[in-house]
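Chain residues, written in single-letter form:
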Amino acid sequence: MNNTELVAFLHAYPSYPTTHIIDDLRATEYARLDVGEHVYLDYTGGGLYAETQVRRHHKLLSEHVFGNPHSSNPTSLAATQLVQHAREYVLKFFNANPDEYDVIFAQNASGALKLVGESYPFGKGGHYLLTFDNHNSVNGIREFAHARGAEVTYIPVALPDMRVDASSLDDYFARGQKGAHNLFAFPAQSNFSGVQHPLEWIEKAHVAGWDVLLDAAAFAPTNYLDLGKVKPDFVPLSFYKMFGYPTGVGALIARKEALGKLHRPWFAGGTITVASVQEDKYYLAEGHTAFEDGTPDYLNIPAVEIGLKHIESIGYDVIHTRVQCLTGWLLDNLTRMKHSTGEPLVRLYGPTTTEARGGSVSANFYDKDGKAIDHRFIESEANKVNISLRTGCFCNPGAGEVALGLSRVELDVCFTQPGHEQRLSVDDFRLCINGKNSGAVRVSVGLVTNFNDVQAFLSFARGLLG
Ligand SMILES: Cc1ncc(COP(=O)(O)O)c(C=O)c1O
């Protein structure tokens, strides 16, 4: 390691050493990263688990017998108890009052979002308002809104910071009709630009008569979401993004009052009290039970509690400080890199300081003549040196369109091409936008990223200057 750079880093980010507990953890719990010489920089894609999380879970499974929780036999009751305990722990972790909030286990954040989309009482006069900057699983809710005659409105974000013009918000909120069902959705942290949109919007939207869906999937891994302080109605998240294991379990944390507004479009095993075939009638169960279709993932759900305790044992303050320092160093260095011609190596999409932003950094790379380097080439070069990063649009087309300068007119042309009424492949799309970037490169730092990881990426980037 270049010691001069380490000294410069510590000088610029003096709080980094206060996070040394993570270096100790990395050596003991995440040794596989360094043994395999991995430079893992896709924490927004998926978090990493500590070895003890898996061991604890394995021990639990090997020492007990758990049966399907939909019964009252001993093994079933044991599973029910564990699932219930995990549910209560999720509430406690997010400081959510159990009288006010409920937890619905889902397959992932997308599954949680679909529960809201398909059940929200969209209708004529109603409105679905959302930021350009949203994951596709939030965008997808618009299809339910359209189908039921609600209006759909997008709030733009603007370069270079990719934030919303806050002064425009009141005008958007004023578009909600009184007495109709209006839902406003935004991410607490962008999975594209890393922007952390203000949580104060939640209260503002409530006052204006909107229900609020706060997508916390990219925020919760490294920032504390305190549901004692902010009161969104629906909070989807994926646990593997927070602590790596288990995959296949997410949650919708929902205000009970808002949950009462949702109408499920069907019933399933586990969601009813009584259903009759001859009577063609069913009675939905109360609260979370009505939303958990079929058998819950009762062997994996207990691993959620183990993961949450792991985060607590480190503390969000430490995690957050660590991520801020490393993100800052990444931004400082990337923005300074220039070719001999004076052309910058990267164009960053999003804030270039750590103010109100998280650890996702998206950019495109340019050659000495200012010509864009294909993001797929960057990925293939990074693969050669064992750097795991992500390229594309990260399932966030709205942010992508703004970042890459794809206009409505250009998109209209691509989406109305003859012969492409039903299908448009990524290659067709690339061809259509003709030479413009169709994606970006994203590196994201997280729980156990260290200075060496960031340096490895910066050195890789410097290699592109040649
Ligand atoms: C902000 C955000 N929301 C939602 C999701 C969807 O998460 P999942 O793929 O686990 O359903 C992601 C995944 O990257 C995300 O970053």
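Structural data are supplied above this passage.
This is a predicted model, so every value here is computed, not measured.

Here the focus is the overall build of the chain. Each helix and strand in the chain was counted, giving 19 helices and 16 strands. Taken against the 2.2 N^0.38 rule, which gives 23 Å for 466 residues, the C-alpha radius of gyration of the chain at 23 Å falls within 12% of a compact globule. A principal-axis box enclosing the C-alpha atoms of the chain has dimensions of 80 × 55 × 45 Å. Out of the 466 residues belonging to the chain, those deemed buried represent 52%. A total of about 20,700 Å² of accessible surface is found on the chain, and carbon and sulfur atoms cover 54% of it. Here the chain carries 40 positive and 52 negative side-chain charges, and the mean point of each set is 2 Å from the other.

The buried fraction of helix α13 (residues 301-314) is high, at 11 of 14 residues. By the burial criterion, the buried members of α13 are Ile301, Pro302, Ala303, Val304, Glu305, Ile306, Gly307, Leu308, His310, Ile311 and Ile314. Where α13 is buried, its residues meet α2 (20-29), α4 (51-63), α5 (74-93), β2 (101-106), α11 (239-243) and α14 (316-336). Downstream of α13 by a residue or two, Gly315 has a phi angle that is positive, lying close to 100°.

Quick look at the pairing of strand β3 (residues 127-131) now. Across the five residues of β3, five count as buried, placing the element largely inside the fold. Taking every second residue as pointing to the same face, both faces of β3 are buried, with His127, Leu129 and Thr131 on one and Tyr128 and Leu130 on the other. Where β3 lies against strand β4 (residues 151-155), five bridges are found, and the strand directions are parallel. Within β4, the position partnered with Leu130 by the bridge is Tyr154. In terms of strand pairing, β3 meets strand β5 (residues 182-187) through four bridges, oriented parallel. Across the sheet, the residue bridging to Leu130 is Ala185, located in β5.

Formed by 79 residues in total, the largest nonpolar core has its most connected members in Phe94, Phe184, Leu225, Leu237, Phe239, Met242 and Ile253. Tallying contributions element by element places α5 first for this core, with seven residues. Excluding anything up to four places from it in sequence, Leu225 contacts Phe94, Leu199, Leu214, Ala216, Phe219, Val230 and Val235. With 34 residues, the next largest nonpolar core counts Leu330, Ile378, Val454 and Phe457 among its residues.

What follows deals with the site of the ligand. Around the ligand sit Asn108, Ala109, Ser110, His135, Asn191, Asp215, Ala217, Ala218, Ser238, Tyr240 and Lys241, and that is every residue in its neighbourhood. Take Tyr240: an N or O atom from its side chain is 2.7 Å from an oxygen atom of the ligand. Measuring from an oxygen atom of the ligand, one finds a side-chain N or O atom of Lys241 at 2.7 Å. Computed on the free molecule, the ligand has an accessible area of 390 Å², of which 89% lies beneath the protein chains in the complex. Where the shell around the ligand is concerned, the elements lending two or more residues are α6 (109-119) and α11. Of the residues assigned to the shell around the ligand, the class counts are four nonpolar, five polar and two charged.

Basis of the calculations
Residue numbers run consecutively from 1 along every chain, following the written order of its sequence. Local features in this predicted model are restricted to residues whose pLDDT is 70 or higher, and side-chain atom pairs enter the listing and the counts only when it is 80 or higher, whereas totals over whole chains, interfaces and linings include all residues. In computing side-chain values, all of the structure's heavy atoms are included and hydrogens and water are not. Numbering of helices and strands runs from the N terminus; a helix is a DSSP stretch of H or I covering at least four residues, while a strand is a stretch of E covering at least two. Radius of gyration here uses only the C-alpha atoms, and the compact-globule reference equals 2.2 Å multiplied by the residue count raised to the power 0.38. With a 1.4 Å probe rolled over the protein chains alone, any residue whose accessible area is under 20% of its type maximum counts as buried; one over 50% counts as exposed, and the rest are partly exposed. Using a 1.4 Å probe, the Shrake-Rupley method yields the accessible areas, and only the shown protein chains count as cover for residues. Under the counting rule used here, the positive set is Lys and Arg, the negative set is Asp and Glu, and His together with the chain ends is not counted. By convention, the charge on Lys lies at NZ, on Arg at CZ, on Asp at CG and on Glu at CD. We call two residues in contact whenever any of their non-hydrogen atoms come within 4.5 Å of each other. In short, DSSP must find at least two bridges between two strands for them to pair. For this analysis, a nonpolar core means a set of buried residues of the types Ala, Val, Leu, Ile, Met, Phe, Trp, Tyr and Cys, connected via side-chain atoms within 4.5 Å. Near residues are defined by distance, with any heavy atom within 4 Å of the molecule or strand qualifying the residue. Think of a polar contact as two N or O atoms within 3.5 Å of one another; within protein, one of them needs to be a possible hydrogen donor and the other a possible acceptor, and neighboring residues in sequence only count if both atoms come from side chains. Only Asp, Glu, Lys and Arg are considered charged, only Ala, Val, Leu, Ile, Met, Phe, Trp, Tyr, Cys and Pro nonpolar, and every remaining residue, Gly among them, polar.

That's the geometry; what it means functionally is another story.
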